Amino acid sequence: MTNHWIDIGNSDCILVMGSNAAANHPISMKWVMKAREHGAKLISVDPRFTRTSAVADYYTALRSGSDIAFLGGMINYILENKKYHKEYVANYTNAAFILGDKYDFSQGLFAGYDPKKRAYDKSLWAFKRDSKGIPQKDATLENPRTVLQLLKKHFARYTPEKVSEITGTPQEELKTVYEMYASTGTKDRAGTIMYAMGWTQHTVGVQNIRSMAIIQLLLGNIGIPGGGVNALRGESNVQGSTDHCILFHIWPGYLKTPRASSATLDDYNKKFTPKASDPLSANWWGNYPKYSVSLLKSFFGDKATKDNGFGYSWLPKLDDGQNCSWLNLFDSMYNGNIKGFFAWGQNPACSGANSNKVRKSLAKLDWLVNVNIFDNETGSFWKGPGMDPKKIKTEVFMLPCAASMEKEGSITNSGRWAQWRYKACNPPGDARPDGDILTELMLKLREMYKKEGGKFPTPILNLKWDYVNDKGEFDSHKMAKEINGYFLADVEIKGKKFKKGDLVPSFAFLKADGTTSSANWLYCNSYTGKGNMMARRNKPDPTGLGLFSEWAWCWPVNRRILYNRASVDLAGNPWNAKRPLIKWNGKKWVGDVPDGGWPPMTNKEKTKYPFIMKPEGFANVFGPGLNDGPFPEHYEPLECPVPENAMSKQFVNPTIKIFKGEMDKHFTCDPRYPIVGTTYRVTEHWQTGLMTRWQPWLVEAEPQIFVEMSEDLAKLRGITNGEKVKVTSARGEVECTAMVTTRFRPFKMGKLTVHQVGLPWCFGWVAPKDGGDSANLLTPSVGDPNTMIPETKAFMVNVQKLKGGA
Amino acid sequence: MSGYSILVDTSKCTACRGCQVACKEWNQLPGTATKNTGSHENPKDLSSDTYKIVRFTEGSGAKGNAFWHFFTEQCRQCLSPGCMSEVENDEIVIDEKTGAVVYTPKTKDLNFKATVEGCPYNIPRRNPKTKVLAKCTFCNDRIKTGMLPACVKACPTGAMTFGKREEILAAAAKRVSELKKTFPKAVALNPDDVRVIYILKDDPKTYWKYASGK
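Rules used in this analysis
- Residues numbered from 1 in each chain as written.
- Chains lettered and ligands numbered in written order.
- Predicted model: local features only at pLDDT ≥ 70, side-chain atom pairs only at ≥ 80, totals over all residues.
- Heavy atoms only, no water.
- Helix = DSSP H or I, 4+ residues; strand = E, 2+ residues; numbered from the N terminus.
- Rg over C-alpha atoms; globule rule 2.2 N^0.38 Å.
- Buried < 20%, exposed > 50% of the residue type's maximum accessible area, 1.4 Å probe, protein only.
- Contact = heavy atoms within 4.5 Å.
- Pairing = 2+ DSSP bridges.
- Axes fitted to C-alpha atoms, helices over the stretch in contact; angles between N-to-C directions.
- Expected span 1.5 Å × (residues − 1).
- Parallel < 35°, antiparallel > 145°, perpendicular 65-115°, else oblique.
- Left-handed = near helix turned anticlockwise from the far one by under 90°.
- Nonpolar A, V, L, I, M, F, W, Y, C, P; charged D, E, K, R; others polar.
- Lys, Arg positive; Asp, Glu negative; His and termini not counted.
- Salt bridge = Lys/Arg side-chain N within 4 Å of Asp/Glu carboxyl O.
- Polar contact = N/O pair within 3.5 Å; in protein donor to acceptor, adjacent residues only side chain to side chain.
- Patch = residues over 30% accessible without salt bridge, like charges linked within 9 Å, V, L, I, M, F, W, Y side chains within 5 Å.
- Areas by Shrake-Rupley, 256 points an atom, 1.4 Å probe, with all protein chains shown as cover.
- Core = buried A, V, L, I, M, F, W, Y, C linked by side-chain atoms within 4.5 Å.
- Buried area = accessible area lost by both parts, 1.4 Å probe.

**As for the overall build of chain B**
Of the regular secondary structure elements, chain B holds 5 helices and 10 strands. Over its C-alpha trace chain B gives a radius of gyration of 17 Å, about what one expects of a compact globule, namely 17 Å for 214 residues. Each of the three principal axes of chain B carries a C-alpha extent, and together these read 50 × 45 × 30 Å. Relative to its 214 residues, chain B shows a buried fraction of 55%. In chain B, the share of contacts with a sequence separation of at least 24, taken over all contacts with a separation of at least 6, comes to 59%.

Given below as structure tokens:
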């Protein structure tokens, strides 16, 4: 979230699209209801009429996989009817930038596409720059090569007729949503988006969100209370685990994983430290070496010295172009290239797209360590449906771990708030906290490397590991302080003196010379000389906007709303005087922690542009960094119900990777699989249901897998409500209870009528006994070209009565 | 002596069923064996193991648009309880302080059929083994010690609130008049007769067959 949960209450128009907040983020609705007390409108856009739709002011449906068309139509509406916030757009976004001569778009492809590599040469998307290297701008936004004019041209193609044909949403309903939401383009109104996996899990996932980011920038909704682009994270601490680099391509704090071509620390820092030509750009990532060196100092302590590149050479490097995300990992495992696997706090046998492939992959392993609080379909895969235990060689170890309430530590919510929580009780039996399991594993490995040597013992032997207490137990306070970072020498910075061993007060004090450590620069300021900021529980709210700046702590440096310097005009006065987030009082900013203390833009000498994380200092309406284009464009899902893309000759996203193995079948427009399928969660079960399927009250409320379908489709298939049916895709089948409902309706797409069904992925064969299995047995293993997140929200299925009836 | 009331503003209910589960948790009631029969509603009925269920009712409105109504069903804690028609020996008593309609173990001696028939909302159920009658307790044990009823405490959206009866009556009247601007049929159900007062946006029959009484 750029904003945070409580801030939803400040909004005037809340769009819930690509999520079902009422079902999956029930408490968020507290703040939605709060917003409605001051007249806010709630819009629900979903293929299915959901629990969110049930309380919405306005609901309309779209076919799964057509979000860019829907939102592209909204961009067109905003531009055509001049609903955008011109002053904001011209001054804070790159809409005024002028594109170079090589940028072009035709036939569904951007300039620079190489069909052999299935990739773009992005250098063709560059801005025109002056002699100093600063992008050329036209503040009037009239030049036909400005981003705004090219945006207008691009999205003029998304006419209501075209959009309706693709989405299946009636034109008048599109218009109603566009009008309602675009009303937040005025200075005194804020609009927000609550999205989740309904947008990300597509082959155009990133561009779905880009479309909304463009809308929010056009309407001046970024940086303001009640606005923002708000991802509702699917797990209570998924924000925290992402911040601390659970993904392969990043180090903690969104530093980049090094590549083999960056042989030295200097190469690495040079490669990832952006340069700004414009002196008014703060270019915050210019501080990159301070953060990377402080991280290395945290890893290796005294062993990391300037002379040995702070131990950079001891860390593993990815090959250039190598992608180790989920789908690639499991493809590699399926092909026998991975021998051992820690499934830690996860259940891939149910959560992984194309679960049959995942389950078969597990059988190719030599060993599998399942760290979890309950037995699950992953640890017990060898005795699951269709498996012959006698033929499976994988040795499985189960390590029971402590549940969240059985250990102390921090948890970072969607709104970036890191909140400290205390231990309520001891874990049962042999179960131990993850930190203790990791510590024992680490110490044992080190002992073995010491005794037996090995191919490359240096990194393990040199790793600093002093996160245990006197009893040898993992100490979460020690780890939290390590994450914040220490001064490693007596230093004076910005006129302040610090002693060796002091906690660093904020990342502005981190150094690239080895005198500071920080295991995550983004969390520097979370545990300081003043104490554990995450454990704070004070409730003052001086702005009245629900920032609660003394409750817990949020990154970065306790800034509750990101890009907040865009919430004011050029003189530093809030766009909306009734919701002043920050304000320049002539000497300094008051309110939320500002995005830097520089004076407002009217001070042309000392100011900095508000979007400080961007090298140029401007928010990207034109986003030249993504793999599949600088503007969003509608492409059909890899499996779809239509014979062609109504927008262009380019059928699917041209840059996606398509796996071609025996387990990766995809059928589009195939009469055997004529129905659009999608997956979702339910309130009563959490993720794969691992934690909730053992809970009798929750199983009682939502006991078995179901498939929701329209009355029309049920009639076509001769299915009655409540009977057992089989849902099949090119990859698998699942038996379900039919839930025939008026809440799903067929889509009228031009002359075509398209049916859609949906089913939850929270069930599994281990428990409860007759609960059914996971919907992910049906979903395809194909991903977004930027993130590789699988396209589990739009694929093709069939639904039939179960032979012999229920 | 006016006691307490619960306001259930169904216009804010998202059917998260936190109240249904919280009720079981506080009252230490077991999860019962259920099946999906083509609806999210489960368990299918109130029982001596279930004092509260969220009813899900869906359909198409006048313009063909879908609606989905949620009605978290529980004992209304009537001011003059119909279920007491057979009471002779304090089998059912009213807590003078809170207003809770309390079923005592002596309800095993009551005529069950007549008791249910006396209830306009079809609430009382009988434990098949002990024959004791059961229903929502108004969390009388909690409210007497200053705690909120378990269901109210669990509600994340503000759909359920608890307070002194006169305050709740005022809040109900205010909310209905607000809702009427958008939903002309908005109504508070039998506020003068019951302590658990529901606010609906539409015809009660589109929520639950016994929403406003038999």
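There's plenty left to go through after this.
**Regarding the environment of B:Ile92**
Residues and elements named next belong to chain B. Examined against the element boundaries, Ile92 turns out to sit in strand β4 (residues 92-94). Between the C-alpha atoms of Ile92 and Lys135, which are 43 residues apart in sequence, the distance is 11 Å. Those residues in contact with Ile92 that lie beyond four places of it in its chain are Cys83, Met84, Val87, Val101, Val102, Tyr103, Thr107 and Leu110.

**A closer look at the pairing of strand β2 (residues 53-60) of chain B**
As paired elements, β2(B) and strand β3 (residues 66-73) of chain B share 8 bridges and run antiparallel to each other. Bridge pairing links B:Thr57 to B:His69 in β3(B).

**A look at the sheet that holds strand β3 (residues 58-60) of chain A**
Residues and elements named next belong to chain A. If you trace the 5 strands from one edge of the open sheet to the other, you get β3-β2-β1-β8-β9, paired in parallel fashion. The strands lining the two open edges of the sheet, one partner per strand, are β3 and β9 (229-231). Strand-to-strand twist in this sheet, taken as the mean axis angle between neighbours without regard to direction, amounts to 20°. In this structure, strand β1 (residues 13-17) lies alongside strand β8 (residues 191-195), joined through 4 bridges in parallel fashion. Within β8, the position partnered with Cys13 by the bridge is Gly191. Docked against the sheet, helix α2 (residues 28-37) engages β1, β2 (41-45) and β8, running at close to 135° with respect to β2. Running over the sheet, helix α4 (residues 67-80) touches β1, β2 and β3 and is turned about 155° from β1.

**Some remarks on α4(A)**
For α4(A), built from 14 residues, the straight-helix expectation of 20 Å at 1.5 Å per residue is met to within 8% by its first-to-last C-alpha distance of 20 Å. When you tally the buried positions in α4(A), you get 13 out of 14 residues, the bulk of the element.

**Points about the packing of α4(A) against helix α6 (residues 147-156) of chain A**
Residue and element names in this part refer to chain A. The interhelical angle for the contact between α4 and α6, taken along N-to-C directions, is 125°, at an axis separation of 9 Å. When the axes of α4 and α6 are compared, the pair comes out oblique. Handedness of the α4/α6 crossing: left-handed. Residues Gly72, Ile75, Asn76 and Leu79 of α4 touch α6, and the partners they reach there are Leu148, Leu151, Lys152, Phe155 and Ala156. Residue composition of the contact of α4 with α6, grouped by class: 6 nonpolar, 2 polar and 1 charged.

**Observations concerning the sheet that holds strand β21 (residues 553-554) of chain A**
All names here are of chain A. One open sheet holds the 3 strands; their spatial order is β15-β16-β21, and the pairing between them is antiparallel. The open sheet has two edge strands, β15 (409-412) and β21, and neither has a second partner. Relative to β21, strand β16 (residues 417-421) is paired through 2 bridges, and the arrangement is antiparallel. Looking across to β21, one finds that Trp417 is bridged to Cys554.

**Details of the environment of A:Gly227**
All names here are of chain A. Positionally, Gly227 belongs in the loop between α10 (205-218) and β9. With relative accessibility at 0%, the residue Gly227 sits in the buried group. In the structure, Gly227 is positioned 331 residues away from Asn558 in sequence and 18 Å away in space, judged by C-alpha atoms. Residue contacts for Gly227: discarding those within four places in its chain leaves Asn3, Asp7, Ala190, Gly191, Thr192, Gln216 and Asn221.

**Some details on the pairing of strand β13 (residues 367-372) of chain A**
All names here are of chain A. Among the 6 residues of β13, 5 are classified as buried, and the element is accordingly described as predominantly covered. Pairing of strand β12 (residues 340-344) with β13 involves 5 bridges; the strand directions are parallel. Bridge pairing in β13 places Phe341 opposite Leu368. Sheet topology note: the β13/strand β14 (residues 395-400) ladder contains 6 bridges and is parallel. If you follow Val369 over to β14, its bridge partner there is Phe397.

**Some details on the side chain of A:Lys608**
Residue and element names in this part refer to chain A. Within the fold, Lys608 resides in the loop between β23 (589-591) and β24 (675-680). Buried within the structure, Lys608 lacks any salt-bridge partner; Asp278 is the closest side chain of opposite charge, at an N-O distance of 7.8 Å. Looking at Lys608, its side chain comes within polar contact range of the main-chain oxygen of Pro279, at 2.9 Å. With near-sequence residues (within four places) excluded, Lys608 lies in contact with Pro279, Leu280, Ser281, Ala282, Arg565, Trp598, Pro599 and Met601.

**Things to note about the pattern of salt bridges**
Tallied over the full model, the rule gives 44 salt bridges over all chains. The network of salt bridges with shared partners includes B:Glu41, B:Asp45, B:Arg55, B:Glu73 and B:Arg125.

**Some points on a nonpolar patch on the surface**
All names here are of chain A. Among the surface-exposed residues, Phe342, Trp367, Phe397, Leu438, Leu441 and Leu445 lie close enough to one another that they form a single nonpolar patch of about 480 Å² accessible area. Broken down by element, the residue count for the nonpolar patch peaks at 3 residues, all from helix α17 (residues 434-452). Note on placement: Trp367 falls in strand β13.

**Description of the nonpolar core**
Residue and element names in this part refer to chain A. If you look at the biggest cluster of nonpolar residues, it comprises 74 residues, and the most contacted ones within it are Leu151 and Leu218. By residue number, the principal contributor to this core is α4, which donates 9 residues. Residues Trp251, Ile483, Leu522 and Cys524 belong to the second largest nonpolar core, which totals 44 residues.

**Observations regarding the interface of chain B and chain A**
Each partner contributes to the interface: chain B provides 38 residues, whereas chain A provides 36 residues. The junction of chain B with chain A conceals about 2,800 Å² of combined surface from both sides, 55% of it contributed by carbon and sulfur atoms. Together, B:Asn36, B:His40 and B:Trp68 form the three largest contributors to the area buried by chain B at its contact with chain A, with a combined 22%. At the surface where chain B touches chain A, the tally comes to 5 salt bridges. There are 19 residue pairs in polar contact (both at pLDDT 80 or more) connecting chain B and chain A. Those elements giving two or more residues to the side of chain B that touches chain A turn out to be α1 (18-27), β2 and β3 of chain B. A breakdown of the residues in the side of chain B that touches chain A according to their chemical character gives 13 nonpolar, 18 polar and 7 charged.

What is shown is where atoms sit, not what they do.
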